[in-house]
Amino acid sequence: EVQLVESGGGLVQAGGSLRLSCAASGFTYGDYKIAWFRQAPGKEYEGVSCISINEDSTYYADSVKGRFTISSDAAKNTVYLTMKSLKPEDTAVYYCAADNYCTVVGSGLIRPAAYFGFWGQGTLVTVSS
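Residues numbered from 1 in each chain as written. Predicted model: local features only at pLDDT ≥ 70, side-chain atom pairs only at ≥ 80, totals over all residues. Heavy atoms only, no water.

### Focus: the pattern of salt bridges
Okay, step 1: The tally for this structure, following the rule as stated, stands at five salt bridges.
Okay, step 2: Note that Asp 90 and Arg 38 form a salt bridge whose closest N and O atoms lie 2.9 Å from each other. Taken together, the residues span a long stretch of sequence, with Asp 90 in the loop between strand E8 (78–83) and strand E9 (92–99) and Arg 38 in strand E4 (residues 33–39) at a distance of 52 residues.
Okay, step 3: Between Arg 67 and Asp 90 there is a salt bridge; the shortest N-O distance is 2.7 Å. Highlighted residues: Arg 67 in the loop between strand E6 (57–60) and strand E7 (68–73) and Asp 90 in the loop between E8 and E9, separated in sequence by 23 residues.
Okay, step 4: When its relative accessible area of 10% is taken as the criterion, Arg 67 is described as buried.
Okay, step 5: A residue is classified by how much of its surface remains accessible, and Asp 90, at 0% relative accessible area, is buried. (Salt bridge = Lys/Arg side-chain N within 4 Å of Asp/Glu carboxyl O. Helix = DSSP H or I, 4+ residues; strand = E, 2+ residues; numbered from the N terminus. Buried < 20%, exposed > 50% of the residue type's maximum accessible area, 1.4 Å probe, protein only.)

Next comes the structure, spelled out in structure tokens:
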């Protein structure tokens, strides 16, 4: 079956860096778009980034542009989220998710979480001040 497994979360100091991994299995790697979402305490799911592997296209939320980078290693069926210059407001549970599209048609904006059909278990990132 389809599986997405996140790893790499932890505790870091503000200004530090962290790399999250999303290992995908159970489907052809290039058939789906892979997104990273996060949920901070008391907040809704936020679409952080998304990658269209076959088209080599990436998308980012304004809140993380210039600090986070999404990338793919096809040989490992793994998508990464490299996070730099971390801020306390980046503290959240981070999830990877898969579906057929990254963005709302014509907008360039990451689709809402409800539109993504497959999800990992999440990994907690805590950024201390």
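### Things to note about the nonpolar core
The nonpolar side chains of a soluble globular protein tend to be buried with one another.
Okay, step 1: Of all hydrophobic cores here, the largest spans 29 residues; its most connected members are Ile 34, Trp 36, Leu 81, Met 83 and Tyr 94.
Okay, step 2: Contributions of two or more residues to this core are made by strand E3 (18–25), E4, strand E5 (46–52), E7, E8, E9 and strand E11 (123–128). (Core = buried A, V, L, I, M, F, W, Y, C linked by side-chain atoms within 4.5 Å.)

### A closer look at the side chain of Thr 103
Okay, step 1: Along the chain, Thr 103 falls in the loop between E9 and strand E10 (118–119).
Okay, step 2: Given the relative accessible area of 17%, Thr 103 is considered buried.
Okay, step 3: Residues within four places of Thr 103 in sequence aside, it is in contact with Tyr 59, Gly 108, Leu 109, Ile 110 and Arg 111. (Contact = heavy atoms within 4.5 Å.)

### Re the side chain of Ser 21
Okay, step 1: With respect to the helices and strands, the residue Ser 21 is situated in strand E3.
Okay, step 2: The residues contacting Ser 21, other than those within four sequence positions of it, are Val 5, Glu 6, Ser 7, Trp 36, Thr 78, Val 79 and Tyr 80.

### Quick notes on the sheet that holds E7
Okay, step 1: Pairing in this open sheet of four strands is antiparallel, and the strands run E1-E3-E8-E7 from one edge to the other. The open sheet has two free edges, formed respectively by strand E1 (3–7) and E7, since each of these has just one partner strand. When the angles between neighbouring strand axes are averaged without regard to direction, this sheet yields 15°.
Okay, step 2: Here E3 pairs with E8 via six bridges, running antiparallel. Counted as the bridge partner of Leu 18 is Met 83 from E8. (Pairing = 2+ DSSP bridges. Axes fitted to C-alpha atoms, helices over the stretch in contact; angles between N-to-C directions.)

### Examining the environment of Cys 22
Okay, step 1: By the element assignment, Cys 22 lies in strand E3.
Okay, step 2: Note: C-alpha distance between Cys 22 and Tyr 45 (23 residues apart in sequence) is 17 Å.
Okay, step 3: If sequence neighbours within four positions are ignored, Cys 22 has contacts with Leu 4, Val 5, Glu 6, Ile 34, Trp 36, Asn 77, Thr 78, Val 79 and Cys 96.

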